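Okay, here's what each chain looks like letter by letter:
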Amino acid sequence: MTLYPVADDVLFAPGGRVVIRTYGVASAASTEDGSRPVSYRTWVTGVRDQPRYWRWGHFEDARHGHRKVLEWLTGRGPQPKPVTSF
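From a predicted model like this one, the values you see are computed outputs, not experimental measurements.

Participant: Got a minute to help me understand the environment of arginine 67 in this structure?
Facilitator: For arginine 67, the location among the structural elements is in helix H1 (residues 59-73). By relative accessible area, arginine 67 is classed as partly exposed at 42%. When the C-alpha positions of arginine 67 and proline 80 are compared, they lie 9.4 Å apart, and in sequence the two are 13 residues distant.

The structure is reproduced here in structure tokens:
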């Protein structure tokens, strides 16, 4: 498995630290053409004692989704909906 970092952010809140991490994950197995499909994820830890998780279909969706998660956590936007197109 290979990890591809997309974005990392840390927010400091009265209850502690919140970490937002977006990355791509490629499995060790390759497809017939030799490429390795990458899926993108955003993990948030430190919110309500439970990690929150979003899955994105493409790199640009992951970048945009990371910004939406930050906006939601800082109160500037609604909770993001994951884009699951592959």
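Participant: Would you mind showing me how to read the environment of valine 44 here?
Facilitator: Considering the arrangement of structural elements, one finds valine 44 in strand E3 (residues 38-45). For the pair valine 44 and threonine 22, spaced 22 residues apart in sequence, the C-alpha to C-alpha distance is 8.9 Å.

Participant: Would you mind going over the sheet that holds strand E4 (residues 52-56) with me for this structure?
Facilitator: Neighbouring strands of a sheet are bound in pairs by backbone hydrogen bonds; such pairs are parallel or else antiparallel. The four strands are arranged E1-E2-E3-E4 in an open sheet whose pairing can be described as antiparallel. Both edges of this open sheet fall to strand E1 (2-13) and E4, since each of them pairs with a single strand only. On average, each strand axis in the sheet is inclined to that of its neighbour by 15°, with strand direction left out of account. As paired elements, E3 and E4 share five bridges and run antiparallel to each other. Across the sheet, residue tryptophan 43 finds its bridge partner in E4, namely tyrosine 53.

Thresholds applied
Residues numbered from 1 in each chain as written. Predicted model: local features only at pLDDT ≥ 70, side-chain atom pairs only at ≥ 80, totals over all residues. Heavy atoms only, no water. Helix = DSSP H or I, 4+ residues; strand = E, 2+ residues; numbered from the N terminus. Buried < 20%, exposed > 50% of the residue type's maximum accessible area, 1.4 Å probe, protein only. Pairing = 2+ DSSP bridges. Axes fitted to C-alpha atoms, helices over the stretch in contact; angles between N-to-C directions.

Purely geometric stuff here, so don't read any function into it on its own.
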